[in-house]
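For reference, the chains in residue letters:
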Amino acid sequence: QVQLVESGGGVVQPGTSLTLSCAGSGFFFNDYAMHWLRQAPGKGLEWVAIIWHDGSQKYHGDSVKGRFSISRDHSKDTVYLHMSNLRAEDTGVYYCAREQYSDAFDLWGQGTLVTVSS
Amino acid sequence: QAGLTQPPSVSKGLGQTATITCTGSTNNVGHEGATWLQQHQGRPPKVISFRRNNRRPSGISDRFSASRSGDTASLTITGLQPDDEADYYCSAWDSSLSAWVFGAGTKLSVL
């Protein structure tokens, strides 16, 4: 079954760190660039980061630059989002999605909820 | 990061045609086109049109069609059905920002 499964969300305090995982299965994971996106409660989609299929390039959105970092483990077919210095405005559902040959976001996970609150 | 501009809402009757616009710049929509996503309440988004040649993924109805003129992309949905009622987002790679930018979303109501 072709799918992406996110994990690692939870309730954390402001200023702390958290790492999200996204595991792919049913397809050749290493052929795809991977994205992280998020959606605050009742709000629209916000792109967070992308990592190239071979990990050679990474880009992050302005709102998370310097605090979040995307990485991937080819041996585990998994992409990670390392989040530090979390803020209340980072609260939301975090999704991973894949991209190949400019066909972006053709497969999404179900999302994992991150709540930053004291 | 500067986002793309979409109307907040569009309302049309059952069986009618709805068009949602998305305005960006020469660095994003005008450069590589827009990707369109549909999101029903409480569900992950689903891509309905790829930026490359405005192609539909397999399984997406031909009632959905995308186009582009300059820095503005459009999504047209014909023969509106109740299940088309959802939020629609446009997105594009911005070559000057090296980032994906999104519109704020358009809520489509089918009356």
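Along each chain, residues carry numbers from 1 onward, in the same order as the chain's sequence is written. Lettering of chains starts at A and numbering of ligands starts at 1, both following the order in which they are written. Totals for whole chains, interfaces and linings use all residues, but because this is a predicted model, local features are given only for residues with pLDDT of at least 70 and pairs of side-chain atoms are given and counted only at 80 or more. As a convention, hydrogens and water are excluded, and side-chain values are obtained from all of the structure's heavy atoms.

Asks: Quick rundown of the overall build of chain A? Include the residues and the values.
Replies: Runs of H or I in DSSP of at least four residues are treated as helices and runs of E of at least two as strands, each being numbered from the N terminus. When its secondary structure is counted, chain A shows 0 helices and 11 strands. For chain A, the α and β elements follow one another from N to C terminus as β-β-β-β-β-β-β-β-β-β-β. Radius of gyration (C-alpha) of chain A: 13 Å, near the 13 Å computed for a compact globule of 118 residues. Reported as C-alpha extents along the three principal axes, the dimensions of chain A are approximately 40 × 25 × 25 Å. As a reference, a globule follows 2.2 Å times the number of residues to the power 0.38, and the radius of gyration itself is taken over C-alpha atoms.

Asks: Tell me about the interface of chain A and chain B, and name the residues and values.
Replies: Quoted interface sizes are often the accessible area lost when the parts come together. The contact rule is simple, with two residues in contact once any of their heavy atoms fall within 4.5 Å. Facing 23 residues of chain A, the contacting portion of chain B comprises 20 residues. Taking the shortest distance from any N to any O, the salt bridge between Arg51(B) and Glu99(A) comes out at 2.9 Å. Throughout this description, a polar contact denotes any pair of N or O atoms lying within 3.5 Å of each other; where both atoms belong to protein, one of them has to be capable of donating a hydrogen while the other can accept it, and for residues adjacent in sequence the pair is counted only when both atoms sit in side chains. The tally of links from chain A across to chain B stands at 7 residue pairs in polar contact (both at pLDDT 80 or more). At the level of elements, strand S4 (33-39), strand S5 (45-51), strand S6 (58-60), strand S9 (92-100) and strand S10 (103-108) of chain A are the ones that each hand at least two residues to the side of chain A that touches chain B. By residue class, the composition of the side of chain A that touches chain B is 10 nonpolar, 8 polar and 5 charged. A carboxyl oxygen of Asp or Glu within 4 Å of a side-chain nitrogen of Lys or Arg is what we treat as a salt bridge. Ten residue types, Ala, Val, Leu, Ile, Met, Phe, Trp, Tyr, Cys and Pro, are classed as nonpolar, four, Asp, Glu, Lys and Arg, as charged, and the remainder, Gly among them, as polar.

Asks: Before we move on, could you go through the layout of surface pockets and cite the residues and values that matter?
Replies: The distinction between a cavity and a pocket rests on a 1 Å grid over the protein atoms alone: a 1.4 Å probe fits inside a cavity but cannot get out, while a pocket stays open yet meets protein on both sides within 12 Å along at least five of seven lines, and a residue with an atom within 4 Å of a point counts as lining. Grid points are joined across faces, edges and corners, and a volume is the space filled by probe spheres set on the points. What the largest pocket holds in volume is close to 490 Å³. Taken together, 26 residues make up the lining of the largest pocket; nearest its centre are Asp106(A), Leu107(A), Trp108(A), Pro45(B) and Lys46(B). Secondary-structure elements contributing two or more residues to the lining of the largest pocket are strand S1 (3-7) and S10 of chain A together with strand S3 (35-39) and strand S4 (46-49) of chain B. Here the residues of the lining of the largest pocket are counted per class, giving 12 nonpolar, 8 polar and 6 charged. The calculated volume of the second largest pocket comes to roughly 360 Å³. Of all elements in the fold, only S9 of chain A together with strand S7 (86-94) and strand S9 (106-110) of chain B reach the threshold of two or more residues within the lining of the second largest pocket.

Asks: I'd like a rundown of the sheet that holds strand S2 (residues 18-23) of chain B, residues and numbers included.
Replies: Residues and elements named next belong to chain B. As summarised here, the arrangement of the 3 strands in space is S2-S6-S5, forming an open sheet in which the pairing is antiparallel. In the strand order of this sheet, the two ends are held by S2 and strand S5 (64-69), each with one partner. Within the sheet, the average angular offset between the axes of one strand and its neighbour, ignoring direction, is 20°. Where S2 lies against strand S6 (residues 72-77), 6 bridges are found, and the strand directions are antiparallel. Paired with Ala 18 across the two strands is Ile 77, which belongs to S6. Any two strands are treated as partners once DSSP identifies two or more bridges connecting them. Only the stretch in contact is used when fitting a helix axis, every axis being a line fitted to C-alpha atoms; angles between N-to-C directions are given from 0 to 180 degrees.

Asks: Could you give an account of the sheet that holds strand S7 (residues 68-73) of chain A, naming the residues involved and the relevant values?
Replies: All names here are of chain A. The 4 strands are arranged S1-S3-S8-S7 in an open sheet whose pairing can be described as antiparallel. Both edges of this open sheet fall to S1 and S7, since each of them pairs with a single strand only. Ignoring strand direction, the axes of neighbouring strands in this sheet form an average angle of 15°. Pairing of strand S3 (residues 18-25) with strand S8 (residues 78-83) involves 6 bridges; the strand directions are antiparallel. Paired with Ala 23 across the strands is Thr 78, a residue of S8.

Asks: Describe in detail the environment of Tyr88(B), supporting the description with residues and values.
Replies: Residues and elements named next belong to chain B. Along the chain, Tyr 88 turns up in strand S7. Tyr 88 has contacts with Gln 6, Ile 20, Leu 37, Gln 38, Ile 48, Phe 64, Leu 75, Ile 77, Gly 105, Thr 106 and Leu 108, leaving out every residue within four places of it along the chain. Within the local environment of Tyr 88, its side chain forms a polar contact with the backbone oxygen of Asp 84, the two atoms lying 2.6 Å apart.

Asks: An account of the pairing of S5(A) is needed here, citing residue identities and associated values.
Replies: Residue and element names in this part refer to chain A. Burial analysis of S5 places 6 of its 7 residues in the buried class, which makes it a mostly covered element. Relative to S5, S4 is paired through 6 bridges, and the arrangement is antiparallel. Its bridge partner lying in S5, Gln 39 is registered against Leu 45. In textbook terms, the turn of a hairpin is the stretch between consecutive antiparallel strands, and for S4 and S5 this stretch comprises 5 residues, one of which, Gly 42, has a positive phi near 75°. In this scheme, a residue with accessible area under 20% of its type's maximum is buried, one over 50% is exposed, and one in between is partly exposed, where area comes from a 1.4 Å probe on protein chains only.

Asks: Break down the pairing of S7(A) for me, citing the residues and quoting the values.
Replies: Residue and element names in this part refer to chain A. Here 6 bridges tie S7 to S8, and the two strands are oriented antiparallel to one another. Within the sheet, the bridge partner assigned to Phe 68 lies in S8 and is Met 83. Adjacent in sequence and paired antiparallel, S7 and S8 are bridged by 4 residues, among which Asp 77 carries a positive phi angle near 50°.

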